[in-house]
Amino acid sequence: MNTNKQAETLITDFESKLSADADNLNFEEAKRLVGIFGILILGTDSHGAINWSRLSSYDFDQLNNPGDINHFFAGNPKGNVDPDNMRIVNALYLLLFGYHLWIERTGQLGTGKPFRGDTMNSANTVLGFFNYPEGDFTKRLQLALGPAASQDFWHLVTDFYYGPRSYHRIGNFLPIQNDLLAGMKTLNQARGYGGETKDFFDVFLSNVQVFATFRNSSDLASEFAAAHDAKYGFPGSPAEFADYIENYCLNSYCSGREFQIEPYPISGLDDPRNTKKTVSTFRGRQACKNGTEEEYVNLAKDYIVKATKHIDTRGEALTNRLQMILGA
């Protein structure tokens, strides 16, 4: 069957049987959408079985590329959708985490909804966005350990943004409570901009653990308390934190029975040189002070390598869980 004709047939049939609309799917409809995504995007083998092993490495930002099929799965006829908030990704959230979030439809996910997808690790966190002036970004790479190291680092960063190990993968996405909380901001916003977290997922997770253990946190205690009191499954005890780690496949971030969070050195948790000041400087688009650029680039490299490993590991775990749910 012609691919375009096959896609048209599958999508038209899918839409004709919806109980609501394509952005408010129930569990069974989400399973059907994910199955169609598997056929049309991930592809099938010679026996017609979907190549689910490709899911963990799939870069969802590709769905913003031109094409009606891409944009159908993205959820916008023009594309330009945050990968962690796409129609197909929300369907995956419902299947993988809906039970733990106490939601029954994808219409409860997204901007302005009770939950919204969040990207856990991003090169933006340590390097800023690529819309910096070209010379500014190039200068940072040149400050690494000579031209060879700069070139190596450049490839590492661009692969993390655009390459086969992009950070826009299922292993790097997590639905987070999106209701307005203390201070009239969402937990999603607080994680990205609040205090010391500055979008570092290890710091966020450490603070969640501190709150769950002591009902306190050095940074986001009021937001966490509001999230917990809303009864959306946000952990408020050590046992609930252990469940949180298991439910969202976050095991690779922890070690031991006490779920000790393994920090990124660049987050500043264990670094006596207080790299948070360096992070803040780079996020503020200013030149780094006191000759710390070289050190910072090395810490950024460490961050990207470790974040990629977490994304790979969690992506495989989520793919295995999805196959069990689908009976694939």
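To keep things clear, this report deals only with the structure shown in the data block. Everything quoted here is computed from the prediction, not taken from an experiment.

Considerations on the packing of helix α2 (residues 27–42) against helix α4 (residues 87–101)
Move 1: In contact at an axis separation of 9 Å, α2 and α4 are set at 125° when each is read in the N-to-C sense. As far as their axial angle goes, α4 and α2 are oblique. The interaxial crossing formed by α2 with α4 has left-handed handedness. Two secondary-structure elements touch here, α2 through Phe27, Ala30, Lys31, Leu33, Val34 and Phe37 and α4 through Arg87, Ile88, Ala91, Leu92, Leu94 and Leu95.
Move 2: Here the residues of the contact of α2 with α4 sort into ten nonpolar, no polar and two charged.

Thoughts on the environment of Leu205
Move 1: Position of Leu205 relative to the elements: it lies in helix α9 (residues 201–214).
Move 2: Under the relative-accessibility criterion, Leu205 is labelled buried at 0%.
Move 3: Sequence separation between Leu205 and Pro263 is 58 residues, and the spatial gap between their C-alpha atoms is 9.6 Å.
Move 4: If we skip the residues at most four places from it in the chain, Leu205 touches Phe241, Tyr244, Ile245, Leu250, Tyr253 and Ile261.

Let's talk about unusual backbone geometry
Move 1: Despite not being glycine, Asn80 shows a phi value in the positive range, around 60°.
Move 2: You can see Asn80 is positioned in the loop between α3 (68–74) and α4.
Move 3: Relative accessible area serves as the criterion here: at 71%, Asn80 is assigned to the exposed category.
Move 4: Even without a glycine there, the phi angle at Trp102 is positive, about 65°.

Let's talk about the nonpolar core
Move 1: In terms of nonpolar packing, the biggest core is built from 81 residues, with Phe37, Phe60, Leu63, Phe73, Ile88, Leu205 and Leu250 touching the most fellow members.
Move 2: The greatest single-element share of this core, amounting to ten residues, is contributed by α4.

Some details on empty space enclosed by the protein
Move 1: What the rule picks out here adds up to one cavity of 30 Å³ or more.
Move 2: When its volume is computed, the largest cavity comes out at roughly 120 Å³.
Move 3: Lining the largest cavity are 13 residues, with Phe115, Pro175, Gln177, Phe234 and Tyr244 positioned closest to its centre.
Move 4: With four residues, strand β2 (residues 173–177) is the single largest residue contributor to the lining of the largest cavity.
Move 5: Among the residues making up the lining of the largest cavity, the classes are represented as eleven nonpolar, two polar and no charged.

Details of the packing of aromatic side chains
Move 1: Applying the stated criterion to the full structure yields 20 aromatic pairs.
Move 2: Relative to Phe60, the ring of Phe37 has its centre 5.8 Å away and its plane inclined at 10°; by these criteria the two rings are stacked. On the criterion of sequence distance, the pair formed by Phe37 in helix α2 and Phe60 in the loop between α2 and α3 is long-range, its members being 23 residues apart. Exposure class is identical for Phe37 and Phe60. Each is buried.
Move 3: Ring geometry for Phe204 and Phe224: centres 5.8 Å apart, planes at 80°, overall edge-to-face. Placement of Phe204 in helix α9 and of Phe224 in helix α10 (residues 221–229) is noted, with a sequence separation of 20 residues between them. Pair check on accessibility: Phe204 and Phe224 agree, each one buried.
Move 4: A cation over a ring is seen here: Arg191 above Phe204, with NZ or CZ 5.8 Å from the ring centre.

Calculation criteria
- Residues numbered from 1 in each chain as written.
- Predicted model: local features only at pLDDT ≥ 70, side-chain atom pairs only at ≥ 80, totals over all residues.
- Heavy atoms only, no water.
- Axes fitted to C-alpha atoms, helices over the stretch in contact; angles between N-to-C directions.
- Helix = DSSP H or I, 4+ residues; strand = E, 2+ residues; numbered from the N terminus.
- Parallel < 35°, antiparallel > 145°, perpendicular 65-115°, else oblique.
- Left-handed = near helix turned anticlockwise from the far one by under 90°.
- Contact = heavy atoms within 4.5 Å.
- Nonpolar A, V, L, I, M, F, W, Y, C, P; charged D, E, K, R; others polar.
- Buried < 20%, exposed > 50% of the residue type's maximum accessible area, 1.4 Å probe, protein only.
- Core = buried A, V, L, I, M, F, W, Y, C linked by side-chain atoms within 4.5 Å.
- 1 Å grid on protein atoms, 1.4 Å probe; cavity = no way out; pocket = protein on both sides within 12 Å on 5 of 7 lines; lining within 4 Å.
- Points joined across faces, edges and corners; volume = space filled by probe spheres on them.
- Phe/Tyr/Trp six-rings, centres within 6.5 Å; stacked < 30°, edge-to-face > 60°.
- Lys NZ or Arg CZ within 6 Å of the ring centre and 35° of its normal.

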